[in-house]
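Each chain is listed here by its residues.
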Amino acid sequence: MSAPERASGKRHIVFVVAGLGAGGAERVISVISTAWATRGWRVTILAFDDPNDPIYHVFDPAVTIVRRGLPAGRGPLRSLLTQGRRIWAIRRRLAQMQPDVVVSFLTKINVLTLLATIGTRHRVIVSERNNPHAQRASPAWNALLVRLYPRAQAVIMQTKASISCVPIKARARMRVIHNPIFMASSSGATDLPVLTSVGRLTHQKGFDLLIAAFSAVARLHPAWTLRIWGEGEMRGALERQIADLGLAYRIDLPGTSRTPGAWVQQASAMVLSSRYEGFPNVLGEAMAAGLPVIAFDCDFGPSEMITHGIDGLLVSTGDVGAMAHALDQLMSDRTLRNRLGTAARAAASRFAPEKIIAQWDALIEDVMLR
């Protein structure tokens, strides 16, 4: 970027991310990058997925997307070689572009970006989007994380509770910035007796617990169905669990929603059954749409988004019996659903994109001054 452009307040920001699929981090990047590109900033996204892979979220045409086609390798040796190639790709691209600020997303990409910028003058912001203590990362990644995070100009966490995940030496540079959540133009709640849940079909998301809880009260509410949106490695196991319970006609696994957020228009309530989280976007989207919500009170996120009994219901993490009771309570009481949904929509306004983007703006300017 030229000196006149810098003097005018325009910036060149490079985002580094694993891929551009349907994840929450990708959604946040699409919102922030589009806002910055719209105001005339130069924005580049460096991703490692295949150039032919579909891009799930919408990006402004002014955003430059570079996809290196370096997906994570299988097996220790291939994985090591791939990570080395990724580090070299990051270092070479940043040397060519000379951005004002580099923003990386997710633990492994954060580590690679910090390694790639050793010995350079690049300003790096790293953004953690999950619970590093609960993720299945190898000891080597965690050791690198502890050593490298203090090198970042800023460490972004999504909740106050997640501060404990940041190494002590890096906490002085830590910022808590929630995810941006768009407010729906109208309530997403329907009269259809449908419970919905959304996320990758993985152990983290706890759909096996949700299915068990629903099965415990399904006979009490014969009109209700459970719809779980998403794809992942646990599809087969979940399908077998549903079949063993004899609930194939009551529980649906339709795959990934074709349009981001479209699932809110097909539900009367939303359930988050995660064993752990960072900041669950889908919970915020449901609340913003006016859906009544139930969530396991897992680390991290739900307790900072929901006030129990006011704008949603919180359940002890992993407690299938308590979740079944909460489902029964919500399915039984339309007045309760309406009250919680109305309050949830009001509570979600604090995550409005303009408020979150303003926090990112302030962070970029702060980092530029250092």
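First things first, this report covers the structure right here in the doc. These figures come from a predicted structure and were not determined experimentally.

Here is what the cut-offs are and how they apply
- Residues numbered from 1 in each chain as written.
- Predicted model: local features only at pLDDT ≥ 70, side-chain atom pairs only at ≥ 80, totals over all residues.
- Heavy atoms only, no water.
- Helix = DSSP H or I, 4+ residues; strand = E, 2+ residues; numbered from the N terminus.
- Rg over C-alpha atoms; globule rule 2.2 N^0.38 Å.
- Buried < 20%, exposed > 50% of the residue type's maximum accessible area, 1.4 Å probe, protein only.
- Contact = heavy atoms within 4.5 Å.
- Areas by Shrake-Rupley, 256 points an atom, 1.4 Å probe, with all protein chains shown as cover.
- Lys, Arg positive; Asp, Glu negative; His and termini not counted.
- Charge placed at Lys NZ, Arg CZ, Asp CG, Glu CD.
- Pairing = 2+ DSSP bridges.
- Axes fitted to C-alpha atoms, helices over the stretch in contact; angles between N-to-C directions.
- Expected span 1.5 Å × (residues − 1).
- Arc of directions from axis to C-beta.
- Parallel < 35°, antiparallel > 145°, perpendicular 65-115°, else oblique.
- Left-handed = near helix turned anticlockwise from the far one by under 90°.
- Core = buried A, V, L, I, M, F, W, Y, C linked by side-chain atoms within 4.5 Å.
- Nonpolar A, V, L, I, M, F, W, Y, C, P; charged D, E, K, R; others polar.

## Digging into the overall build of the protein chain
Then, in step 1: A tally of helices and strands in the protein chain yields 12 helices and 13 strands.
Then, in step 2: Taken against the 2.2 N^0.38 rule, which gives 21 Å for 370 residues, the C-alpha radius of gyration of the protein chain at 21 Å falls within 12% of a compact globule.
Then, in step 3: Projected onto its principal axes, the C-alpha positions of the protein chain cover 65 × 45 × 40 Å.
Then, in step 4: Relative to its 370 residues, the protein chain shows a buried fraction of 53%.
Then, in step 5: Sequence separation of 24 or more characterises 67% of the internal contacts of the protein chain that already satisfy a separation of 6 or more.
Then, in step 6: Element-wise, carbon and sulfur atoms account for 54% of the exposed surface of the protein chain, whose accessible area totals about 16,000 Å².
Then, in step 7: Taken as two groups, the 43 positive and 28 negative side-chain charges of the protein chain have centres that lie 8 Å from each other.

## Here we look at the sheet that holds strand β4 (residues 101-105)
Then, in step 1: The strand order β3-β2-β1-β4-β5-β6-β7 describes an open sheet built from seven strands, whose pairing is parallel. Edge strands, defined here as strands with exactly one partner in the open sheet, are β3 (64-67) and β7 (174-176). Put simply, the sheet's adjacent strands are angled 20° from each other on average, direction ignored.
Then, in step 2: Packing of helix α4 (residues 107-116) onto the sheet brings it into contact with β1 (12-17), β4 and β5 (124-127), and relative to β4 it is tilted by some 150°.

## A closer look at helix α3 (residues 76-97)
Turn by turn, an α-helix covers 3.6 residues, leaving residues three or four places apart pointing in a common direction.
Then, in step 1: An ideal rise of 1.5 Å per residue puts 32 Å on 22 residues; α3 measures up with 32 Å between its terminal C-alpha atoms.
Then, in step 2: If you check which residues of α3 are buried, you get Thr82, Gln83, Arg86, Ala89, Ile90, Leu94 and Met97. Viewed end-on, α3 has its buried residues packed into an arc of 120°, placing them on one side of the element. Relative to its buried face, α3 has exposed residues pointing more than 90 degrees away, namely Leu77, Leu80, Leu81, Arg85, Trp88 and Gln96.
Then, in step 3: A positive backbone phi angle near 50° is found at Gln98, which sits one or two residues after α3.

## Some details on the sheet that holds strand β13 (residues 313-315)
Then, in step 1: Taken in spatial order, the six strands line up as β10-β9-β8-β11-β12-β13 in an open sheet, and their pairing is parallel. Unpaired on one side and paired on the other, β10 (251-255) and β13 mark the two borders of the sheet. Between one strand and the next, the sheet's axes are offset by a mean angle of 20°, whatever the strand orientation.
Then, in step 2: Pairing analysis gives five bridges linking strand β8 (residues 194-198) to strand β9 (residues 225-229), with the strands arranged parallel. Bridge pairing links Val194 to Thr225 in β9.
Then, in step 3: The sheet strands contacting helix α8 (residues 281-288) are β8, β11 (269-272) and β12 (293-296), and the helix crosses β11 at an angle near 160°.
Then, in step 4: Helix-sheet contacts for helix α10 (residues 320-332) involve β8, β11, β12 and β13, and the interaxial angle to β13 is about 160°.

## Things to note about the packing of helix α6 (residues 207-217) against α10
Then, in step 1: Contact geometry for α6 and α10: axes closest at 8 Å, N-to-C directions at 55°. Regarding the angle of α6 to α10, the classification is oblique. As for the relative orientation of α6 and α10, their crossing is right-handed in sense. Taken together, the residues of α10 that come into contact with α6 (itself represented by Leu209, Leu210, Ala212, Ala213, Phe214, Ala216 and Val217) are Val320, Met323, Ala324, Leu327, Asp328 and Met331.

## Some thoughts on the nonpolar core
Then, in step 1: If you look at the biggest cluster of nonpolar residues, it comprises 33 residues, and the most contacted ones within it are Leu195, Phe214, Leu226, Ile228, Ile294, Met323 and Leu327.
Then, in step 2: Tallying contributions element by element places α6 first for this core, with seven residues.
Then, in step 3: Dropping the residues within four chain positions of it, Met323 is found in contact with Ala213, Val271, Leu272, Ile294, Phe296 and Val315.
Then, in step 4: Within the second largest apolar cluster, 32 residues are counted, among which are Val17, Trp36, Phe59 and Leu363.

## Section: the pairing of strand β6 (residues 154-157)
Then, in step 1: Across the two faces of β6 the burial is the same, with Ala154 and Ile156 and Val155 and Met157 all buried.
Then, in step 2: In this structure, β5 lies alongside β6, joined through three bridges in parallel fashion. Bridging across to β6, Ser127 finds its partner in Ile156.
Then, in step 3: Across three bridges, β6 lies against β7 in parallel orientation. Note on β7: the bridge partner recorded for Met157 is Val176.

## Some words on the environment of Trp360
Then, in step 1: Following the sequence through the fold, Trp360 ends up in helix α12 (residues 353-369).
Then, in step 2: Through-space distance from the C-alpha of Trp360 to that of Ile177 is 7.8 Å; in sequence the pair is 183 residues apart.
Then, in step 3: Setting aside chain neighbours within four positions, we find Trp360 in contact with Ile32, Trp36, Val103, Phe105, Ile156 and Ile177.

## Digging into the packing of α3 against α4
Then, in step 1: Between α3 and α4, the shortest axis-to-axis distance is 8 Å and the interhelical angle comes to 55°. Judged by the angle between their axes, α3 and α4 are oblique. The interaxial crossing formed by α3 with α4 has right-handed handedness. Across from Gln83, Arg86, Ile87, Ile90 and Arg91 in α3, the residues of α4 making contact are Ile109, Leu112, Thr113, Leu115 and Ala116.
Then, in step 2: Residues of the contact of α3 with α4, tallied by class, amount to six nonpolar, two polar and two charged.

The values reported here are purely geometric and, on their own, carry no functional implication.
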